[in-house]
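Residue-level structural notes
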2 protein chains.
Amino acid sequence: MRAETEFSRELYAPIGPGGAEDAARYGRKAANLSRLAGLGMPVKPGFAVAADVVSALADRGAAALGPGFEAALAELAPGALLALRASPGRKEWGGPATLLNLGASVEGLEPRIGPCAARDATRRLIHAFAVHVGGADPEAFEYALHDLLKAHGADSEHDLDADQLDELIETFLDLHEEETGDPFPASPAAQLAAAMGAMARTWASTSARLLRVSRGGPEQGGLALIVQEMALGLGAGLSGAGRAAFRSERSGAPGIEGRMLFQAQGNDALAGLRTPRLIGAAERGEAGVRDPSLEEAAPEIADRLRALGAKAERAFQDAMTLEFTLEDGELFVLGAEPTRRSARASVRISVDLAKTGAISEEDAVLRVEPRTLSELLHPTIDPRATRDRIARGLPASPGAASGPIVFSAEAADAAAARGVPAVLVRVETSPEDIRGMHSAAAVLTVRGGMTSHAAVVARGLGTPCVVGCSGLSLDLEARELTAPDGRVFREGDQITVDGAAGEALAGAAPTVQPEFSGALAELMGWADRLRRMRVRANADTAQDARVALGFAADGIGLCRTEHMFFEKGRITPMRRMILADREADRRAALEVLLPMQRADFIGLYRVMQGRPVTIRLLDPPLHEFLPHPDEEIDDLAEVTGLTLRQLRRRIADMQEFNPMLGKRGCRLGITMPEIYQMQARAIFEALAQSWTDGPLVRPEIMIPLVSARREASLIRRDIDQIAASVAEETGKGFSYKIGVMVETPRAALRAGDLAGDMDFLSFGTNDLTQMTYGLSRDDAGRFMRDYVNSGVFAEDPFHSLDIEGVGELMMIARDRARETRIDIPLGLCGEHGGDPASIRFCEAAGFDYVSCSPFRVPIARLACAQATVLQRRLQEEAEA
Amino acid sequence: MRAETEFSRELYAPIGPGGAEDAARYGRKAANLSRLAGLGMPVKPGFAVAADVVSALADRGAAALGPGFEAALAELAPGALLALRASPGRKEWGGPATLLNLGASVEGLEPRIGPCAARDATRRLIHAFAVHVGGADPEAFEYALHDLLKAHGADSEHDLDADQLDELIETFLDLHEEETGDPFPASPAAQLAAAMGAMARTWASTSARLLRVSRGGPEQGGLALIVQEMALGLGAGLSGAGRAAFRSERSGAPGIEGRMLFQAQGNDALAGLRTPRLIGAAERGEAGVRDPSLEEAAPEIADRLRALGAKAERAFQDAMTLEFTLEDGELFVLGAEPTRRSARASVRISVDLAKTGAISEEDAVLRVEPRTLSELLHPTIDPRATRDRIARGLPASPGAASGPIVFSAEAADAAAARGVPAVLVRVETSPEDIRGMHSAAAVLTVRGGMTSHAAVVARGLGTPCVVGCSGLSLDLEARELTAPDGRVFREGDQITVDGAAGEALAGAAPTVQPEFSGALAELMGWADRLRRMRVRANADTAQDARVALGFAADGIGLCRTEHMFFEKGRITPMRRMILADREADRRAALEVLLPMQRADFIGLYRVMQGRPVTIRLLDPPLHEFLPHPDEEIDDLAEVTGLTLRQLRRRIADMQEFNPMLGKRGCRLGITMPEIYQMQARAIFEALAQSWTDGPLVRPEIMIPLVSARREASLIRRDIDQIAASVAEETGKGFSYKIGVMVETPRAALRAGDLAGDMDFLSFGTNDLTQMTYGLSRDDAGRFMRDYVNSGVFAEDPFHSLDIEGVGELMMIARDRARETRIDIPLGLCGEHGGDPASIRFCEAAGFDYVSCSPFRVPIARLACAQATVLQRRLQEEAEA
């Protein structure tokens, strides 16, 4: 006998300590409710129905309930109204709607709560039961109510008297039978059993299953139920229902907030039928609402709620929102769930909890989703500003910026050169626009989605960007932009891009600069203490480097020297170098570039004092520096002494079938050694000249696109020689490293070889992904969204590192490199360096650093700290 | 004492059995000579100086000779003239020139060989000694001889009498002292010691070392010497020297051949100072030489040589050329080395040896270098034809063919369509010309080297090709070709390309078809019995398949279906399909293509009865099928109903940045499933219609460019459904396989996954190499030659499989695939399939088949047999 009782208590566990505390079996809601009861909070008696029972119910019907159900029911107060709630394993999986007032009858309730409330509760039950259990058409009941109100000249059901409500109940009972084919069941037990069966079947339906699976839930099972005595919320005295939070959703600062309704049940306050009351006085003041808040109307209730909230926060070690019901002045708690929060609030709450000792600093760091930080790192539109919206699009890259409109990358460059960064407006962008995007204050496109070229590049640059503003129309010849409302904006007109909201605004809207202070600064400090990996930034200029340092980057992990050559005054000697026929002419042009490049490095070194700076030697194919053959090239012809026809032909001759796989990277360095020689000289001469400027940086020179050991060793030999020459010429001694950028699969496979000659390896995962998949990022846009949406690829591998393929190659490389040299530094540079999942991989793989765009440095720092902690815990678990 | 003698005999080993037989210590020449002596051949006494002694000589001078040297010398006949020869480890390493007649003096020799010969031998010694030992200027001696001949009115030194020769000797002795600073050493022992020292130093010199290393020799050591009594070749009776072979260098058929000179020594017959005698009567007859051959002049000597040759062939198990000297009618053998031979001769000799039991069939198969077979597989110009040469270039692809001149790929297509394959003449070719090259009879280019686009593609196609005919000039507008001699050829004029000789000829020269009979057929039969791997052909058409079958391919390993769509009458519906906006329009265009594609497959199946046919689904990016936007596109506009502007824009829109890494392969199949569906239907309907045509082929459908398992499984699902439909519609049952082409690094890494869904894996090593290196084959041409020449890459990885990188990926893939399914068939398709080194790798890796272009099938068959044998022997060695 005892065994059976035990078993029954597993299937039907009482709400409370020692009861339904196991969320896997009884759902999150039941588990939380049991904990609340255990904390001594006012929770009505009830029991949870285990998920196994619910599955069986869907399969076999009421027979599956078994004898334990009767026993559990018998422990509740006889005649009490019951609520039946879904308690899914996780809230995100969804679940059937709650059914309240089971067992309600006019006769039973009238003595307790008066004639009207009793009738109201009863007609609510019939209505909800018919719709949710019987599958009746909801509109039939709405119409019936509407007709009756109209007949009696009433505004709402609260204006009806007892007789009129009786009439409504009669109508509803008829409707129930009409719509479902069955009379409304009078017995409370029959109501409950039918309702449970309906919930179980709903959960098992195909549409619910698909939705649930898409949210990460299980296909089968996973739903428990809660049967609980009702706190009524209707009737005499102070009665009602609502939700109260105890910290601001926006800032995370302490303070009571929320909404409730008097004479209401369950989620009525959120349903929008009546205007809800605010709970906190401060919130009411801010919102400018006239009706007094609950805190003002019934301060003792607010005090009690506050006390319960504080208790819940301590117990759950998190800010919790409480669902409550007031029954004739008495407060009952119906549930608790983590308070919704903005990124800023999330940081504040975690830090507060750690500072009160409720959680550790480590846990505080784990609780903040790194991606959400990006909201906090960009300027935002002042919330008090008036917004004159031109168009809506997709929020492709956060931040807000204003500037004059330009319609071409060249115009954006020109504006930046004049010191007035512009807003670049395009139908869509292509790689040729990258330079312009680099100098633009913001980018706005008519076409494209969240993974369009403009979106991806802008996020990398930290430039505010809105894409897919399909309501806009562009007239490039007239240089005009027409808004959906017909307003016309011309080149030079000021507009503002709000990348977080996905909106374009007329004029220059006032912005608020991001603050890296308070709780956020504290949290980042903890993260920095916890993380094992270094976080470097991809920064090409002293300006980039300053931004990176502002975000506390540990150094520069990727300085792309080619960007230096696109600048005004440099592109011409660069083109002369490229078009030179003879090595001597090439060297002459490089002589012109040398002092410029040296000055670039001096600038960079001054900013990065004492920190490592990884400089990648020239990488792109040389034709990328040439104008298109059909562009205006007269000047260039003059400079190079070629005829226009010759020049056009030379430019056309240099084009490649697959530039990504062409004569670029170290292939340039091998076939035209003088280019890298010039760059090496600039690197070392800059070092010698920076001698007195404080702690010396240690340059790490990175050779791109290596596929064979000898490529790297030949280039290293040259660089070492130049270093020795410069040291001798200047009388300065300096140290430096030379490494390779592992970005071809072959370099990864041969990492054991490479480690023999090189001081470090840095994985260039953008190109490595392209080559491992055989997929050009520029061309993949045409089908990547289809591919990811239809599940062919689980994720866009350019967005989050492909652990199974690219990651595997990296692990092969790591093992081989370390076999040659156990302590060779390994890093990752590329956009994945700012992606938390990819960072998690790098931590597990034991890499030394990641490098990402400056604006993602804080995200990477936090993600690194989380990765370190999680990895350590995983190991501790494995060892335990 | 005994130990020292033993040791001395190791350093100075007598020529003969039990003597200098170890080639590693005494060199190949000494070892062969010892064997000849051991066979009882007439070999003069002598000894070999071990390589260790020679190294020591270079370092320490004559002191290094030690006491053993005197002892060895003492065993030779007192007063005998000595020859000193280099005996390097391998002949290819080179070596210092031979020194003859050491110890010669007029007094010593005159009694034996008469006054003139004695003086001739003496002045030869002084001359050679001064130049090779003393480092004197050779010209000084030439001038002295010239002056003396002139003074006496003589034509050659043979016309000089004894007094005049004495005068010459005096002059030479003076010259020796003048040039070298030392008097000519009179003592034979001093001459020998000085000569040995000089040879040792020469061998150790930097230039000799570099040359040797470049030929695969050792940097240090590796040179032994031979000191041997001279057979004189000068003087009374039948005296002279020469070389005799006993099989034709061209055909391998038995028969005495070679050259000799009477009254001559060493290599005089090859030196070109006097016209040599031919040795064989038949050879003399063929060459039309007047002077009687040795066989005719002294048949008994020829008979003796023949007997010695037969003995050597048996003993060395190879056709050997003998170096001999006649001394007063007596025959002495000076050395033996394998007879030089053409590819045809090599086959014949190996087969003959095996048939006489001298070697095994297995060894016969190992002895023929597979690459040389290509000479035997193509038509050649009839050797009796008169050759009217237009121009010379590089022999880029063997074979000879004639046809009318065309100057564009389109014209080549058109000519082929008219049934008159043309000779395509271009400045150089680019990928756009590939179609035209496919239909051309031969290709001729003005520019380019052996690895130019034209050369590589032509070799793959088996099309005769000559590149780099820089003497030709092309006028494309006038459609004229001007030869260096000023002759002008117009479009349509007949010319002939001789790809083996690297020549273009005027008119249609008569050709001889290759024969696959006799010894070659026999050898290939043995190879087929020995080889483990199957050899399939890459064949796109029934015509290709017929060629492949003629070369005994085991099936088709790669049928590229895209080539079918380029044909006349197909390209238009193909373009309509590509330009269609809606799926319905695309399907309509595909409906037109279906019967054509079905007919292609029926043709292929009929040829390949019963054999496997691997069909690759559409692979190239669709824009490759479109005309260039600036081409004539009026017709296409009309067909598609687009305006010219729209059409140009659509074409431009479809261009890709990196087509190799773009929307191609299975990415087309996933995003436009109807294309592969049409192809699958054509494959199966063709199968159903081929039902009664004999043994049914089993199609193996190959999915290109897979990088993720789900790509392959989605496409497989579609194909399986269509197979089931066609089986139901037609009532026929058939079997087929579906596999993937592993050509992205990721597919290789995920081969374990892929093997779970697929019936086979075939490595597409062309693309796999491109992606593993991050190197486009089309663009690599710009620097690949530099890279290989300077040793950055050991070999062009597109030519011979990169074992360390690409090969490693393939082994990872093999291991993972076999872990999932132990018996999954693995193949290689791509140009590497015809490369013997790559085939060797595939054998070692345990692959099941290779597939290569039809013309390389015999090469692959032979290489597979060799790989099987070598792999087995390696394993046997490892086990022993």
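Residues numbered from 1 in each chain as written. Chains lettered and ligands numbered in written order. Predicted model: local features only at pLDDT ≥ 70, side-chain atom pairs only at ≥ 80, totals over all residues. Heavy atoms only, no water.

Identification of chain A as Pyruvate, phosphate dikinase from Albimonas pacifica is taken from an unreviewed UniProt entry. According to UniProt, the comment filed for chain A under the heading Function (unreviewed entry) is "Catalyzes the reversible phosphorylation of pyruvate and phosphate." As recorded by UniProt, the Catalytic activity (unreviewed entry) comment attached to chain A reads in full: "pyruvate + phosphate + ATP = phosphoenolpyruvate + AMP + diphosphate + H(+)". (UniProt positions renumbered as here; feature names shortened; annotations may be inferred.)

Observations concerning the overall build of chain A
Summing up its helical and strand segments, chain A has 35 helices and 31 strands in all. By principal-axis analysis of the C-alpha atoms, chain A measures approximately 105 × 70 × 50 Å. Burial statistics for chain A: of 880 residues in total, 55% are counted as buried. For chain A, the accessible surface area stands at approximately 36,100 Å², while carbon and sulfur atoms represent 49% of it. Treating the 98 positive side-chain charges of chain A as one cloud and the 125 negative ones as another, the clouds have centres 7 Å apart. (Helix = DSSP H or I, 4+ residues; strand = E, 2+ residues; numbered from the N terminus. Buried < 20%, exposed > 50% of the residue type's maximum accessible area, 1.4 Å probe, protein only. Areas by Shrake-Rupley, 256 points an atom, 1.4 Å probe, with all protein chains shown as cover. Lys, Arg positive; Asp, Glu negative; His and termini not counted. Charge placed at Lys NZ, Arg CZ, Asp CG, Glu CD.)

Re the UniProt feature "binding site: substrate" (unreviewed entry) in chain A
Residue and element names in this part refer to chain A. The feature "binding site: substrate" (unreviewed entry), as given by UniProt, occupies Arg560, Arg616, Glu743, Gly764, Thr765, Asn766 and Asp767 in the numbering adopted here. Tracing the sequence through the fold places arginine 616 in strand β26 (residues 612–616). With respect to the helices and strands, the residue glutamate 743 is situated in the loop between β28 (737–742) and α29 (745–749). If sequence neighbours within four positions are ignored, glutamate 743 has contacts with Asp619, Arg664, Pro704, Leu705, Gly764, Asp767, Leu768 and Met771. (Contact = heavy atoms within 4.5 Å.)

A short note on the interface of chain B and chain A
With 51 residues of chain B in contact, the opposing surface of chain A contributes 52 residues. Each partner contributes to the roughly 4,400 Å² buried at the junction of chain B and chain A, and carbon and sulfur atoms together form 55% of this total. Of all residues in chain B, B:Phe657, B:Leu661 and B:Arg746 give up the largest surface area on contact with chain A, accounting jointly for 15% of the area buried on that side. One can count 8 salt bridges joining chain B with chain A. Where A:Asp802 meets B:Arg746, a salt bridge forms, and the shortest distance between an N and an O atom there is 2.6 Å. (Buried area = accessible area lost by both parts, 1.4 Å probe. Salt bridge = Lys/Arg side-chain N within 4 Å of Asp/Glu carboxyl O.)

Comments concerning the domain arrangement of chain A
In many analyses, interface size is given as the accessible surface area lost on bringing the parts together. Domains assigned within chain A are domain 1 (69–229), domain 2 (240–341), domain 3 (379–512) and domain 4 (531–621 + 656–879). Taken over C-alpha atoms, the centre of domain 1 of chain A sits 51 Å from the centre of domain 3 of chain A. (Domains from an automatic or database assignment.)

A few points about the sheet that holds strand β13 (residues 394–397) of chain A
Residues and elements named next belong to chain A. The sheet built from 8 strands is open, its strands ordered β12-β22-β21-β14-β15-β16-β17-β13 with mixed pairing. Looking at the sheet topology across the chains shown, the edges are occupied by β12 (389–392) and β13. Strand-to-strand twist of the sheet, defined as the mean angle between neighbouring strand axes without regard to direction, takes the value 30°. Relative to strand β22 (residues 503–506), β12 runs antiparallel, the two sharing 3 bridges. For alanine 391, the partnering residue across the bridge sits in β22 and is alanine 504. Packing against the sheet, helix α19 (residues 453–461) makes contact with β13, β16 (442–445) and β17 (465–467), and its axis sits at approximately 170° to β17. (Pairing = 2+ DSSP bridges. Axes fitted to C-alpha atoms, helices over the stretch in contact; angles between N-to-C directions.)

Here we look at the relation of the copies chain B and chain A
Rotating chain B by 180° about the axis while translating it 0.0 Å along that axis superimposes it on chain A, leaving an RMSD of 0.2 Å. What we have between these two chains is a two-fold relation. Across chain B, the smallest distance between a C-alpha and the rotation axis is recorded for B:Asn658, namely 2.2 Å. When the interface residues of chain B are mapped onto chain A, 100% of them again fall at the interface, so both copies present the same face. (Least-squares fit on C-alpha atoms with pLDDT ≥ 70 in both.)

Some details on the nonpolar core
Judged by nonpolar contacts, the single largest core of 271 residues is most densely connected at A:Leu373, A:Phe684, A:Ile703, B:Leu373, B:Phe684 and B:Ile703. In this view, A:Ile703 contacts A:Leu617, A:Cys666, A:Ala712, A:Ile715, A:Arg716, A:Ile738, A:Gly739, A:Val740, A:Met741 and A:Met758; residues no more than four positions away in its chain are not counted. Ranked by size, the runner-up nonpolar core spans 94 residues in total, among them A:Leu76, A:Trp93, A:Leu99 and A:Ile126. (Core = buried A, V, L, I, M, F, W, Y, C linked by side-chain atoms within 4.5 Å.)

Here's the deal with the sheet that holds strand β7 (residues 254–262) of chain A
Residues and elements named next belong to chain A. The strand order across the open sheet built from 5 strands is β8-β7-β6-β9-β10, with neighbouring strands paired in antiparallel fashion. On the outer flanks of this sheet lie β8 (277–278) and β10 (330–338), each paired with one strand and no other. Pairing between strand β6 (residues 240–247) and β7: 7 bridges, direction antiparallel. Across the sheet, alanine 241 pairs through a bridge with leucine 261, a residue of β7. Across the sheet, helix α14 (residues 299–316) is in contact with β6, β7, β9 (320–327) and β10; its angle to β9 comes to roughly 145°.

Remarks on a negative patch on the surface
Residue and element names in this part refer to chain A. Taken together, the side chains of Asp137, Glu139, Glu142, Glu170, Asp174, Glu177, Glu178, Glu179 and Asp182 make up a negatively charged region of the molecular surface. Elements that contribute at least two residues to the negative patch include exactly α7 (138–151) and α8 (162–180). A per-element tally of the negative patch places α8 first, with 5 residues. (Patch = residues over 30% accessible without salt bridge, like charges linked within 9 Å, V, L, I, M, F, W, Y side chains within 5 Å.)

Things to note about the UniProt feature "active site" (unreviewed entry) in chain A
Residue and element names in this part refer to chain A. According to UniProt, the "active site" (unreviewed entry) feature falls on His453 and Cys829. Along the chain, histidine 453 falls in helix α19. Considering the arrangement of structural elements, one finds cysteine 829 in strand β30 (residues 826–829). Once residues within four sequence positions are removed from consideration, cysteine 829 is found in contact with Asn538, Gly557, Leu558, Met702, Met741, Ser762, Phe763, Gly764, Thr765 and Ser851.

Comments concerning the environment of A:Leu175
Position of A:Leu175 among the secondary structure elements: in helix α8. Apart from residues lying up to four places away in sequence, A:Leu175 is in contact with A:Ala140, A:Phe141 and A:Ala144.

Looking at the packing of aromatic side chains
Residue and element names in this part refer to chain B. For the structure shown, the criterion picks out 30 aromatic pairs over all chains. Seen in terms of ring centroids, phenylalanine 565 and phenylalanine 625 are 6.4 Å apart; in terms of plane orientation they differ by 75°. Their pairing is edge-to-face. A residue pair is termed long-range when its members are at least 10 positions apart, and phenylalanine 565 in the loop between β25 (556–560) and α22 (571–579) and phenylalanine 625 in the loop between β26 (612–616) and α24 (634–640) qualify at 60 residues. By the burial criterion, phenylalanine 565 is buried, and phenylalanine 625 matches it. Relative to phenylalanine 847, the ring of phenylalanine 841 lies with its centre 6.4 Å away and its plane at 75°, an arrangement referred to as edge-to-face. For the pair phenylalanine 841 and phenylalanine 847, one class covers both residues: buried. (Phe/Tyr/Trp six-rings, centres within 6.5 Å; stacked < 30°, edge-to-face > 60°.)

Looking at unusual backbone geometry
Phi at A:Asp328 takes a positive value of approximately 50°, unusual for a residue other than glycine. Phi angles above zero are rare outside glycine, and B:Arg479 is one such case at about 55°. Within the secondary structure, B:Arg479 sits in the loop between β18 (473–475) and β19 (480–482). You can call B:Arg479 partly exposed: its relative accessible area is 45%.

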